[in-house]
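Examining the three-dimensional arrangement
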Amino acid sequence: MKLKVHIILRLFFFGLVFLGVIFLPAPTYVDLTNNNLPIFSPDFFAGTDRLGRDNFALFCYGSLSTIVLVVPARIFTIFVSFLLSAFSLFFPKISDFILSGIVSVSLAIPSLLSALVVMSLLPENPFAIFIAILVSDWALSYETITAKIREIKQSSYLSASFCMGAKPYQLVLLHYLPALKDMFGFLFFSGLPAVVMTTALFSYLGIQTSIGDTGPGLGEQISFSKDYFDKSPVSVLLPVVAILTLVYSLGSNQKKNET
């Protein structure tokens, strides 16, 4: 029953976003003649913000841009973490000397601070947001994958393959990658909610997180309308609902993946 509720909620949410993106224009315009309209206004059933932009369009396009950003960003983080973990297989002494210290420092520094430093160093780079998410999150993924690799390394079937003359790259392709498949799935789904919150916080602080001409991100919508909550509360509440629903839906995927 609980699983059905998760599925219904996800279908309803993503269905709304899909329909809104198809039938509504991107909220990149300004229409001051229709600003701060209440809900159920003609042509704007969710009302408008103080620039006259459709709140429902902001909700849909903001959710879409968040999804389009966080999914590849999380995949990129796991991929880089795996490459670094694989490097430790081929060059264990060098990796212990270099990576162990970097990982310790990365885990000690607040992830948001690391990400903000990257964004300040690469203000005009279109891939800066992906690099910032990578820098803020790679160390924990690396530690998790490396711990699993150590466990696999001690298995009897891996020792047998090594004694039979298997090359290191063959061990990676035939043993490590298949054994890490479930770990990759767990890291992907367990990390998505955190990336959603990080992206929303970046957007709230004024960092561009929208991909393409899709209007402001969810966090930017909150920041822009929070001082006018009394005139248009929906402009603040809808992006909050979108963020929480994304976190909940992706967290539900994590629980399903674990079972």
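Residues numbered from 1 in each chain as written. Predicted model: local features only at pLDDT ≥ 70, side-chain atom pairs only at ≥ 80, totals over all residues. Heavy atoms only, no water.

Taking an unreviewed UniProt entry as the reference, the protein chain is identified by name as ABC transporter permease subunit belonging to Leptospira noumeaensis. For the record of the protein chain, the UniProt heading Sequence similarities (unreviewed entry) holds the text "Belongs to the binding-protein-dependent transport system permease family." Checking UniProt for the protein chain, the heading Subcellular location (unreviewed entry) contains the comment "Cell membrane". (UniProt positions renumbered as here; feature names shortened; annotations may be inferred.)

1. Points about the pattern of salt bridges
Counting across every chain of the model gives 4 salt bridges. Salt-bridge contacts for Arg53 lead to Asp49; the nearest nitrogen and oxygen are separated by 2.8 Å. A relative accessible area of 11% means that Arg53 is categorised as buried. Across the pair Lys148 and Glu151 runs a salt bridge, and its minimum N-O distance is 3.6 Å. In this pair, Lys148 and Glu151 both sit in helix H5 (residues 128–153), 3 residues apart, roughly one turn of the helix. A residue is classified by how much of its surface remains accessible, and Glu151, at 51% relative accessible area, is exposed. (Salt bridge = Lys/Arg side-chain N within 4 Å of Asp/Glu carboxyl O. Buried < 20%, exposed > 50% of the residue type's maximum accessible area, 1.4 Å probe, protein only. Helix = DSSP H or I, 4+ residues; strand = E, 2+ residues; numbered from the N terminus.)

2. A few points about unusual backbone geometry
Here Asn36, not a glycine, exhibits a phi torsion of approximately 55°, which is positive. In this structure, Asn36 sits in the loop between helix H1 (2–23) and helix H2 (55–90). Despite not being glycine, Phe40 shows a phi value in the positive range, around 65°. Position of Phe40 relative to the elements: it lies in the loop between H1 and H2. What makes Phe40 exposed here is its relative accessible area of 67%.

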